[in-house]
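An overview of the molecular structure
Take a look at the letters that make up each chain.
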Amino acid sequence: MSSSRAVLGAQTGPGAPAAQAGCGIREIRGLVTELTRRMDAHRRSRIAELDLTPTQAKALEELGEPRTARELAAVMCCEPPNVTYVIDKMEKQGLVLRRPDPRDRRAKQLVLTDAGRELRLDLLERMGQDSPLDHLTHEARRELRTHLLRALDRAE
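Here's what I pulled together on the structure shown here. (Residues numbered from 1 in each chain as written. Predicted model: local features only at pLDDT ≥ 70, side-chain atom pairs only at ≥ 80, totals over all residues. Heavy atoms only, no water.)

If you tally the helices and strands in the protein chain, you get eight helices and three strands. Counting from the amino terminus, helix and strand elements in the protein chain follow one another as α-α-α-α-β-α-α-β-β-α-α. Considering only residue pairs separated by 6 or more positions, the protein chain has 45% of its internal contacts joining residues 24 or more positions apart. In the structure as shown, the protein chain presents an accessible area of about 11,000 Å², 54% of it carried by carbon and sulfur atoms. (Helix = DSSP H or I, 4+ residues; strand = E, 2+ residues; numbered from the N terminus. Contact = heavy atoms within 4.5 Å. Areas by Shrake-Rupley, 256 points an atom, 1.4 Å probe, with all protein chains shown as cover.)

Structure below.
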């Protein structure tokens, strides 16, 4: 492969016709990156409308069911002390309560208050409004999901 073809992301072999037809890996990577940026910007704007931090919003999203701080930290991909800090703040705002975990009396479950559940529903509703994917039909979104799962080598 010549160096200019390598720089342009051209492919040889079985994938070459697809690359020439505008389906190269480089183009797909760029499209995924652009969609990610648009979705992140949409998410940030919706979170800002509710005067939340991104971490508080993620905690609200993930607390549809009661969880321990350790469980919440795992789904948020952060350390438990970080979750504790965020939950302390949310508890002061009247959004979250700590109660004994019925599975382990040593642990505390994080449970949304009525105000927390209302805010969560508002957040989820706003996230769904004017999304970068809104113009796609339900069938097109389902197809996109299927292709993304396949690309990520995840079973449906």
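Okay, the nonpolar core next. Of all hydrophobic cores here, the largest spans 21 residues; its most connected members are Leu72, Ile87, Met90 and Val96. Contact partners of Val96, with chain neighbours within four places excluded, come to Leu63, Ile87, Met90, Glu91, Leu110, Val111, Leu112 and Thr113. (Core = buried A, V, L, I, M, F, W, Y, C linked by side-chain atoms within 4.5 Å. Buried < 20%, exposed > 50% of the residue type's maximum accessible area, 1.4 Å probe, protein only.)

Moving on, we get to the packing of helix H4 (residues 54-62) against helix H7 (residues 114-128). Taken N-terminus to C-terminus, the directions of H4 and H7 make an angle of 105 degrees; their axes are 9 Å apart at the nearest point. Overall, the two elements H4 and H7 adopt an arrangement that is roughly perpendicular. Contacts between H4 and H7 involve Ala57, Leu60 and Glu61 from the first element and Gly116, Leu119, Arg120, Leu123, Leu124 and Met127 from the second. Split by residue class, the contact of H4 with H7 holds six nonpolar, one polar and two charged. (Axes fitted to C-alpha atoms, helices over the stretch in contact; angles between N-to-C directions. Parallel < 35°, antiparallel > 145°, perpendicular 65-115°, else oblique. Nonpolar A, V, L, I, M, F, W, Y, C, P; charged D, E, K, R; others polar.)

Attention now moves to the pairing of strand S2 (residues 96-101). As defined by bridge partners, S2 adjoins strand S3 (residues 104-112) across six bridges and the pair is classed as antiparallel. Of the residues in S3, the one forming a bridge with Leu97 is Val111. Count of turn residues in the S2/S3 antiparallel hairpin: two residues. (Pairing = 2+ DSSP bridges.)

Let us look at helix H6 (residues 80-92). Relative to the 18 Å expected for 13 residues at 1.5 Å per residue, H6 spans 18 Å between its end C-alpha atoms, a close match to the ideal helical length. All of the buried residues in H6 are Val83, Val86, Ile87 and Met90. Down the axis, H6 shows its buried residues gathered within 100 degrees of arc, on one side only. Of the residues in H6, the exposed ones pointing more than 90 degrees away from the buried face are Pro81, Tyr85 and Lys92. Tucked inside the fold, the buried residues of H6 contact H4, helix H5 (69-76), S2 and S3. (Expected span 1.5 Å × (residues − 1). Arc of directions from axis to C-beta.)

In this section: the pairing of S3. Strand direction decides the pairing type here: strand S1 (residues 67-68) and S3, joined by two bridges, are antiparallel. Looking at S3, one finds that Arg67 is bridged to Leu110.

Turning next to unusual backbone geometry. Leaving glycine out, the prevailing phi sign among residues is negative, and the prevailing peptide bond configuration is trans. You will see that Asp130, though not glycine, has its phi angle at about 55 degrees, which is positive. Looking at where Asp130 falls in the secondary structure, it is placed in the loop between H7 and helix H8 (138-151). You will see that Asp153, though not glycine, has its phi angle at about 60 degrees, which is positive.

Geometric values such as these leave the question of function open.
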